[in-house]
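Remarks on the overall topology
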Amino acid sequence: MNVQEYMIELGENARDAARLVAKADTNLKNQALLAMADAIDSSRPELHAANALDLDGGRKNGLDSAMLDRLELTDARIDTMIEGLRQVATLADPVGAINDLKYLPSGIQVGKMRVPLGVIGIIYESRPNVTVEAASLCLKSGNATILRGGSEAIHSNQAVANCIKAGLKSAGLPEHAVQVVETTDREAVGQMITMPEYIDVIVPRGGKGLIERVSRDAKVPVIKHLDGICHVYIDDQADAGKAVNIALNAKTHRYGTCNTMETLLVNSSIAEEVLSELSERYQAAGVELRGCERTRKLLPHIKLATEEDWSTEYLAPVLSIKLVDNMDEAILHINRYGSHHTDSIVTENYTKSRAFLREVDSSSVMVNASTRFADGFEYGLGAEIGISTDKIHARGPVGLNGLTSEKYVVLGDGHIRQ
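The following refers to the structure shown. (Residues numbered from 1 in each chain as written. Predicted model: local features only at pLDDT ≥ 70, side-chain atom pairs only at ≥ 80, totals over all residues. Heavy atoms only, no water.)

1. Some details on the overall build of the protein
- When its secondary structure is counted, the protein shows 14 helices and 16 strands.
- By the compact-globule yardstick of 22 Å for 418 residues, the protein fits well, its C-alpha radius of gyration being 24 Å.
- Burial statistics for the protein: of 418 residues in total, 53% are counted as buried.
- Excluding contacts between residues fewer than 6 apart, the proportion of contacts in the protein whose partners are at least 24 apart in sequence is 72%.
- Distance between charge centres in the protein, computed from 44 positive and 57 negative side chains, equals 3 Å. (Helix = DSSP H or I, 4+ residues; strand = E, 2+ residues; numbered from the N terminus. Rg over C-alpha atoms; globule rule 2.2 N^0.38 Å. Buried < 20%, exposed > 50% of the residue type's maximum accessible area, 1.4 Å probe, protein only. Contact = heavy atoms within 4.5 Å. Lys, Arg positive; Asp, Glu negative; His and termini not counted. Charge placed at Lys NZ, Arg CZ, Asp CG, Glu CD.)

Quick look at the structure:
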């Protein structure tokens, strides 16, 4: 069987399973999730053995230490996978919920019901725990899923898949509700993103190259974000203490995440007050600063920012700083150079904060909070399948609701249109 035939078989199996999972009741799905958690807990030796093969292969293939770290399945990470499954089992099931039901003058009732998307294809790299996160969210939201992990994690993903299948089987749900692609052939990705008859939506989770390829070549709708060029704007009516703490956390809490601040915008009226302290604290944290000409008059020791810097996602201890004269200038900069991911204003002015929320065109917009909060868990979603900067269907962290859509439902009692 060649790759195309194999992927078609997976697609047919997923489509059949999706019909059964879509009508499964909440208790059955929760039973499967809890059984998966138990299977992972009892399969630790097998998981460690499979992961050791991947780690050994990664070292031989020259994976860097950061990639090897993401690949490793420690006991603590296995514990997190187990806890994640149990948490998803406690989340409210969105499937079948009817919202906005109201009577119309004709006597009928019209509302909207949440329904699964169908079959979700997820393409990801490195981290085997994504296999569990994706499977649990897709199952709880009534979807079947096809998972294509990176070749570097093939043994780990297969071991995790066995636990998932055991959980599905014990609950009486179809094993094909979650399928992990077994081939490392890159052609499998090309097949997945061009199979609209079998897959309803694709979610790429990985580097910029992967997401660009999927976005360019897919014939299936894609939920994705390409860059995380996030901003914090410190307004002239900001509380200086809050501003320093937020700007520091937004950049230094973690460097390699998509919700990390990459550009700091500071109102020129408050710049001298906040930048002197921020500069010292960034320097102590090992952050390289790059600034506009006006910033460098206050901080002459930093590098000059180029035009490219304003549209760069560093994913590193590097920060660009620009002085602006008012909030409108800050918003123009954000909407021009940002990636529509997450942007925050620090201000004590209610009117300005409301205007910022309305006018910044991003999937998450914040007031007096660090951009690092843009995350499914922090938003109370339990977990996320990814973050979307698109404007149609799902935007921001995508949890259970984002893996469903709505259909209109009409309730009548013999009503006919006059």
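2. Regarding the side chain of K251
- Relative to the helices and strands, K251 resides in helix α10 (residues 240-252).
- A relative accessible area of 0% means that K251 is categorised as buried.
- Polar contacts involving the side chain of K251 include one to the side chain of E262, which spans 2.7 Å.
- Not counting residues up to four positions away in its chain, the partners in contact with K251 are T260, M261, E262, Y282, V287, A316, P317, V318 and L319. (Polar contact = N/O pair within 3.5 Å; in protein donor to acceptor, adjacent residues only side chain to side chain.)

3. A short note on the pairing of strand β1 (residues 98-103)
- Counting buried positions along β1 yields zero of six residues, so the element is predominantly exposed.
- In terms of strand pairing, β1 meets strand β2 (residues 109-116) through four bridges, oriented antiparallel. Residue pairing for β2: Y103 is matched across the bridge by Q109.
- Two successive antiparallel strands, β1 and β2, enclose a turn made up of five residues, where G107 displays a positive phi of approximately 105 degrees. (Pairing = 2+ DSSP bridges.)

4. As for the sheet that holds strand β11 (residues 318-324)
- Within the open sheet, the seven strands sit side by side as β10-β9-β11-β8-β7-β12-β13. Their pairing is parallel. Edge positions in the sheet fall to β10 (303-304) and β13 (364-367), since each has one partner strand and no second.
- Judged from the five bridges that link them, strand β7 (residues 230-234) and strand β8 (residues 261-267) form a sheet pairing that is parallel. Note that in β8 the partner of H231 across the bridge is T263.
- Packed on one face of the sheet, helix α11 (residues 271-285) meets β7, β8, β9 (288-291) and β11 and runs near 150 degrees to β8.
- Packed on one face of the sheet, helix α13 (residues 327-337) meets β7, β8, β11 and β12 (342-346) and runs near 175 degrees to β7. (Axes fitted to C-alpha atoms, helices over the stretch in contact; angles between N-to-C directions.)

5. Considerations on the nonpolar core
- With 73 residues, the main nonpolar core has M7, I40, I122, L168, I202 and I385 as its most contacted residues.
- The leading source of residues in this core is helix α1 (residues 3-22), at eight residues.
- The residues contacting I202, other than those within four sequence positions of it, are G121, I123, M192, I193, V214, V220, P221, V222 and I223.
- Counting residues in each nonpolar core, the second largest holds 30 residues, with V244, A250, V274 and L319 among its members. (Core = buried A, V, L, I, M, F, W, Y, C linked by side-chain atoms within 4.5 Å.)

6. A few points about the sheet that holds strand β4 (residues 144-148)
- Read across the open sheet, the four strands follow the order β5-β4-β3-β6; overall the sheet is parallel. At either margin of the open sheet sits one strand with a lone partner, and together these are β5 (178-180) and β6 (201-205). Ignoring which end each strand starts from, the neighbouring axes of this sheet average 15 degrees apart.
- Alignment of strand β3 (residues 119-124) against β4, held across five bridges, turns out to be parallel. By the bridge assignment, I120 is partnered in β4 with T145.
- Contacts from helix α9 (residues 208-217) reach β3 and β6, with the element oriented near 160 degrees to β6.

7. Observations concerning the pattern of salt bridges
- Tallied over the entire structure, the rule returns 27 salt bridges.
- With its nearest N and O atoms 3.4 Å apart, the salt bridge here joins K303 to E288. Of the two residues, K303 sits in strand β10 while E288 sits in strand β9, which places them 15 residues apart along the sequence.
- Judged by relative accessible area, which is 26%, E288 ranks as partly exposed.
- Among the charged side chains, a salt-bridge network with shared partners connects D41, R44, D75 and D79. (Salt bridge = Lys/Arg side-chain N within 4 Å of Asp/Glu carboxyl O.)

8. Topic: the packing of aromatic side chains
- Overall, the coordinates contain zero aromatic pairs when judged by the stated rule.
- Taking NZ or CZ as reference, K322 lies 5.8 Å from the ring centre of W310, over its face. (Phe/Tyr/Trp six-rings, centres within 6.5 Å; stacked < 30°, edge-to-face > 60°. Lys NZ or Arg CZ within 6 Å of the ring centre and 35° of its normal.)

9. Some words on helix α5 (residues 75-90)
- In this model, α5 (16 residues) spans 23 Å end to end at C-alpha, consistent with the 22 Å of a helix rising 1.5 Å per residue.
- The elements touched by buried residues of α5 are α2 (26-42), α3 (44-60), α6 (129-140) and α7 (154-170). (Expected span 1.5 Å × (residues − 1).)

10. With respect to a nonpolar patch on the surface
- Together, I98, L101 and L411 line one region of the surface with nonpolar side chains, adding up to about 230 Å² of accessible area.
- Residue position: L101 is located in strand β1.
- Here L101 falls in the partly exposed class, since its relative accessible area comes to 38%. (Patch = residues over 30% accessible without salt bridge, like charges linked within 9 Å, V, L, I, M, F, W, Y side chains within 5 Å. Areas by Shrake-Rupley, 256 points an atom, 1.4 Å probe, with all protein chains shown as cover.)

11. Describing the packing of α3 against α7
- Here α3 crosses α7 at 160 degrees, and the two axes come no closer than 7 Å. For the element pair α3 / α7, the angle class is roughly antiparallel. With respect to the hand of their crossing, α3 and α7 are arranged in right-handed fashion. Between α3, through E46, L47, A50, N51, L53 and D54, and α7, the contact on the second element is made entirely by I154, H155, S156, A159 and V160.
- Residues that form the contact of α3 with α7 fall into these classes: six nonpolar, three polar and two charged. (Parallel < 35°, antiparallel > 145°, perpendicular 65-115°, else oblique. Left-handed = near helix turned anticlockwise from the far one by under 90°. Nonpolar A, V, L, I, M, F, W, Y, C, P; charged D, E, K, R; others polar.)

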